[in-house]
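# Commentary on secondary and tertiary structure
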Amino acid sequence: MAQTCIAFLRAINVGGRTVKMERLRALFAELGLERVRSYIQSGNVFFDTEEQDLSALGRRIGRHLEAALGFPVPTMVRTVEEVEELVAAEPFAGVEVTPELRLCVVFLSEPLPGGLEFPLRSAKGDWEILGATPGAAYVVMHLRGGRLGSNPATALPPGYGGQGTSRFFHTTAKIVAAARKA
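The rules behind the values
Residues numbered from 1 in each chain as written. Predicted model: local features only at pLDDT ≥ 70, side-chain atom pairs only at ≥ 80, totals over all residues. Heavy atoms only, no water. Pairing = 2+ DSSP bridges. Helix = DSSP H or I, 4+ residues; strand = E, 2+ residues; numbered from the N terminus. Axes fitted to C-alpha atoms, helices over the stretch in contact; angles between N-to-C directions. 1 Å grid on protein atoms, 1.4 Å probe; cavity = no way out; pocket = protein on both sides within 12 Å on 5 of 7 lines; lining within 4 Å. Points joined across faces, edges and corners; volume = space filled by probe spheres on them. Nonpolar A, V, L, I, M, F, W, Y, C, P; charged D, E, K, R; others polar.

The next point concerns the sheet that holds strand β3 (residues 44-49). Reading across the sheet, the 4 strands line up as β2-β3-β1-β4 and stay open at both edges, with antiparallel pairing between neighbours. The strands lining the two open edges of the sheet, one partner per strand, are β2 (34-39) and β4 (75-79). Between one strand axis and the next, the sheet turns through 25° on average, direction left out of account. Here strand β1 (residues 3-9) pairs with β4 via 5 bridges, running antiparallel.

What follows concerns the layout of surface pockets. Approximately 610 Å³ is the volume found for the largest pocket. As for the largest pocket, its lining consists of 29 residues, of which Met76, Val77, Arg78, Leu108 and Ser109 are closest to the centre. Of all the elements in the fold, those that place two or more residues in the lining of the largest pocket are α2 (54-69), β4, α3 (80-88) and β8 (136-142). Per-element accounting of the lining of the largest pocket gives the leading share, 7 residues, to α2. Residue composition of the lining of the largest pocket, grouped by class: 13 nonpolar, 10 polar and 6 charged. Estimates place the volume of the second largest pocket at around 350 Å³. In terms of lining residues, the second largest pocket is bounded by 18 residues, among which Val14, Asn151, Thr165, Ser166 and Arg167 are the most central. Here the element with the most residues in the lining of the second largest pocket is strand β9 (residues 164-168); it accounts for 5 residues.

Right under this line is the structure:
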């Protein structure tokens, strides 16, 4: 039975790597994925698939995109239900939101190494990982002079062998709502 999934793509429409959403949707359709839709220009693609191994599907999508676009596109695939559960779990409950904070979800290709003690904080104090599940890390970014000091995906611990792509938490909630509507 087909399920609706969301592909969270890294490195789309940043750093001069411009991809029109129409082209991106066509590349997904070339893989046999159905009802392909996109949300905003930052690499969020919804589609239906009967594929059950979402990790393997993410790697296959990433290879196809790299071959077509000429640059690596790490791809993390989640079901709509998985992202709804992530949002409903309120991973940032208790964090007082201020104009100097950004709440980010880093979607992971592999679980973080075991034995980490949360929260993990950067030496510069510009981010902290509050916690993680096998598929996501929950990062609070502290703005410096009104700007993010670094990409939230750089908060992943040294030696982490996987990939990550980040979305603001409020944007993640909007993405899953749009995927559910589509």
